[in-house]
Structure formats: C-alpha cells, structure tokens
Amino acid sequence: MSDQPSRPAAASPMLAALRDGTRDHHAAVERRLGLPDRIRARGDLAVALAALLAAWSPLERDLAAADWSGLPLDRRLGEAAALLRADLAALGVAVDRPAAGSGLDFGTTARAVGGRYVLLGSALGGRVIAPEVERRLGLREGEATRFFRRSGGAPGRDWRDFRRALAGREWSVAERHDAAGAARSTFDFVGGAAAVRPSGA
Ligand code: HEM
C-alpha cells in the first residue's frame, strides 16, 4: 500500500532524540487515554475524542503559525481537529470551539518540530486503535473513527515526508534537546486534556 510509512534502518539523530526523549511520555498518554481498552460504549469514545479535540485544536493552530521556513514541509498539518469534530458529530455530540491557544512554546523551528512529531506520530497508533474501536462498538469502518484513521489524508506519507525533512538537515545538540523538550510538553498537554473527564465518565 502506497500510504504505508517506509521504515529506514536507522532513525536520523533528530528522530532518535524525539523518540528516546518521549518514550515514557507516550506510555503515560496511552495509559491515560486507555484506547482502545477503556472503550466499551459510544459514550466512552465520545469522552476520549472530546479530550483529544481539546488538545488538538489549539496545538494544530499554534503549530500552523510556527516558523517552518527551514524545512520543506507544509505548515499545515492536515487539520485532524476537523476529523475529531466530524467523529463527535457522528456520535451526536456537539462541541464548542476552544478559543485559547495551547500556551506551549513553539517559537523555534526545533521546538515546532517537537510538537509536530507528537501530532503526526499519533496517527501510527491510530491505525492500530481504529479497527479495534470499531469492533468493540459495532461501528462501520470510519464511523466515528475518522480521526484515528486520518480519513481523507495520507498519514503514512506525511510521516515519511516528516522523517525525510528531519534527516535532510543538520541539527545541533541544543536543537535536538529543545525539540524533545517541546515534544514532551506536547504529550503532557494532550495528557492534561485527557485528565479532564466529565463526571461519571
Ligand atoms: C492511547 C492510545 C495509543 C496507542 C495504543 C498508541 C500506539 C502506538 C503505536 C502502536 C505506535 C507505533 C506504530 C508503528 O510503529 O507503526 C505509536 C507511535 C507513536 N505514537 Fe502512539 N499510541 C496512542 C496514543 C498516542 C497519542 C495520543 C499520541 C500523541 C499525543 C501518540 C504519539 C505517538 C508518536 C509520536 C508515535 C511515533 C513514535 C516513533 O516512531 O517515533 N500516540 N503509538
């Protein structure tokens, strides 16, 4: 399949720094969201999607405004927040548009790279999660799982392009450090949104 991410033998130093620097943070967010294990009814899915939207919407906006001039990447990430809204609408849940930004510092290209890594990489887990959620809830393919599937997008290609862009230029130790720090903050931001659960959920 052409949209599958390619798997080069070795990660670039920047990607390795992001991966090594966020392993624990990924595990923590995974635990907190509890996907797909905690999804037993449609309401559980709605709670998880609403939490993801509360994080994704400001993060996508802030990252689109970051300085991408040093990298051959589109500043827009594909607007996965729109897919979250569509999934929530499919579940009959109305959502407000959050006005505030994330408050995270994406003020350098390296720091913006850290944020983008988290949002783009999450699609890799999404392809594992989507079929399992659909099976558990008896949903059709893509029914309220458009975000996990990144329906209409090409997450494999986006991930490959991102990896290539990172590998295509030199990054100082300080930049790799900054990128990993921003990625950790991004994971924390997503985890923080997931921690806010409606009563009874
Ligand atoms: C909660 C359920 C989640 C599960 C079960 C999960 C699972 C996975 C899996 C299996 C992969 C590796 C996929 C592959 O190598 O083909 C992956 C990668 C990744 N996920 Fe998740 N994920 C989850 C949530 C998230 C979230 C919410 C984020 C972001 C906030 C995220 C960020 C990432 C990143 C950045 C990678 C790429 C790691 C790398 O290769 O460097 N994940 N995830």
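Everything below is about the structure printed above this text.
Worth saying up front: this structure is predicted, and the values here are computed from it rather than measured. Here the residue numbering is sequential within each chain, running from 1 through the sequence in written order. With pLDDT at 70 or above as the cut-off, local features in this predicted model cover only qualifying residues; side-chain atom pairs require 80 or more to be listed or tallied, and sums for whole chains, interfaces and linings still use all residues. With hydrogens and water set aside, each side-chain value is computed from the structure's full complement of heavy atoms.

**Description of the environment of A179**
Note the threshold: Secondary structure follows DSSP: runs of H or I at least 4 residues long count as helices, runs of E at least 2 residues long count as strands, and numbering of each begins at the N terminus. Burial status follows relative accessibility: with a 1.4 Å probe on protein chains alone, a residue under 20% of its type maximum counts as buried, one over 50% as exposed, and anything between as partly exposed. Should any heavy atoms of two residues lie within 4.5 Å, those residues are counted as being in contact.
Structurally, A179 can be placed in helix α7 (residues 173-195). Overall, A179 belongs to the buried group, its relative accessible area being 0%. Sequence separation between A179 and A195 is 16 residues; the distance between their C-alpha atoms is 24 Å. Setting aside anything within four residues of it in sequence, one finds A179 in contact with M14, L18, A110, R111, V113 and G114.

**What about the pattern of salt bridges?**
Put simply, the rule reads: Should a side-chain nitrogen of Lys or Arg be within 4 Å of a carboxyl oxygen of Asp or Glu, the pair is scored as a salt bridge.
If you walk through the whole model with that rule in mind, you get ten salt bridges. Two residues, R140 and E143, come together in a salt bridge whose shortest N-O distance is 3.7 Å. Overall, E143 belongs to the buried group, its relative accessible area being 19%. When salt bridges with common partners are traced through the structure, they connect R42, R140 and E143 into a single cluster.

**Some words on the coordination of the iron atom of the ligand**
Note the cut-off: Note that water is not among the atoms considered, so a metal site may appear incomplete; the donors listed are N, O and S atoms within 2.8 Å of the metal, with 3.2 Å applied to Na, K and Ca.
Exactly one donor from the protein chain reaches the iron atom of the ligand: H26 (NE2), at 2.1 Å. Tracing the backbone through its elements, the reader meets H26 in helix α1 (residues 13-33).

**Considerations on the packing of α1 against α7**
Helix-helix packing is characterised by the crossing angle of the two axes and by the distance between the axes. The test is simple: Lines fitted to the C-alpha atoms define the axes, with helices restricted to the stretch that makes contact. Angles between their N-to-C directions range from 0 to 180 degrees. Roughly parallel refers to an angle under 35 degrees, roughly antiparallel to one over 145, roughly perpendicular to one between 65 and 115, and oblique to any angle outside these ranges. By definition, any crossing whose near helix is turned counterclockwise from its far helix by less than a right angle is left-handed, and any crossing with a clockwise turn is right-handed. Asp, Glu, Lys and Arg are counted as charged, while Ala, Val, Leu, Ile, Met, Phe, Trp, Tyr, Cys and Pro are counted as nonpolar; the rest, among them Gly, fall into the polar class.
In contact at an axis separation of 9 Å, α1 and α7 are set at 10 degrees when each is read in the N-to-C sense. Comparing their axes, α7 and α1 come out roughly parallel. Here α1 runs over α7; the crossing is right-handed. Classifying every residue of the contact of α1 with α7 gives 13 nonpolar, six polar and five charged.

**As for the packing of aromatic side chains**
Note the threshold: Centres within 6.5 Å are what make two rings of Phe, Tyr or Trp a pair, Trp counting through its six-membered ring; a difference in plane orientation under 30 degrees is then read as stacked, over 60 as edge-to-face, and the rest as tilted. Placement of a charge over a ring requires the Lys NZ or Arg CZ to be within 6 Å of the ring centre, with the centre-to-atom vector within 35 degrees of the ring normal.
One pass over the structure, following the stated rule, counts four aromatic pairs. Between W159 and F162 the ring centres are 6.1 Å apart and the planes differ by 35 degrees, which places this aromatic pair in the tilted class. Linking W159 with F162, this pair stays in helix α6 (residues 155-167), spanning three residues, or about one helical turn. Relative accessible area serves as the criterion here: at 0%, F162 is assigned to the buried category. Over the ring of W68 we find R116; its NZ or CZ atom is 4.6 Å from the centre of that ring. Just above the ring of W171 sits the side chain of R169; from NZ or CZ to the centre is 3.7 Å.

**Here's the deal with α1**
Here is the rule: A helix is expected to reach a length of 1.5 Å times the quantity of its residues less one. Note on bend: at a given residue it equals the angle between the axes fitted to the 7 residues ending there and to the 7 starting there.
Across its 21 residues, α1 extends 29 Å between first and last C-alpha, which sits within 8% of the 30 Å expected from 1.5 Å per residue. When the local axis directions of α1 are compared, the greatest deviation, roughly 55 degrees, occurs at T22. In the core, the buried residues of α1 are packed alongside α2 (42-64), α4 (109-137), α6 and α7. Directly after α1, the chain includes G34, whose backbone phi takes a positive value near 60 degrees.

**A short note on the side chain of R85**
We count it as follows: Under the convention used here, Asp and Glu are negative, Lys and Arg are positive, and both His and the chain ends fall outside the count.
Mapped onto the elements, R85 comes out in helix α3 (residues 80-90). One buried charge, R85, has no salt-bridge partner; the nearest side chain with opposite charge is E60, at 6.7 Å. In contact with R85, not counting residues within four places along its chain, are L53, S57, V95 and R97.

**Notes on the packing of α1 against α6**
The contact between α1 and α6 brings their axes to 7 Å, and the two run at 115 degrees. Residues M14, L15, L18 and R19 of α1 touch α6, and the partners they reach there are W159, R163 and L166. Considering only residue class, the contact of α1 with α6 consists of five nonpolar, no polar and two charged.

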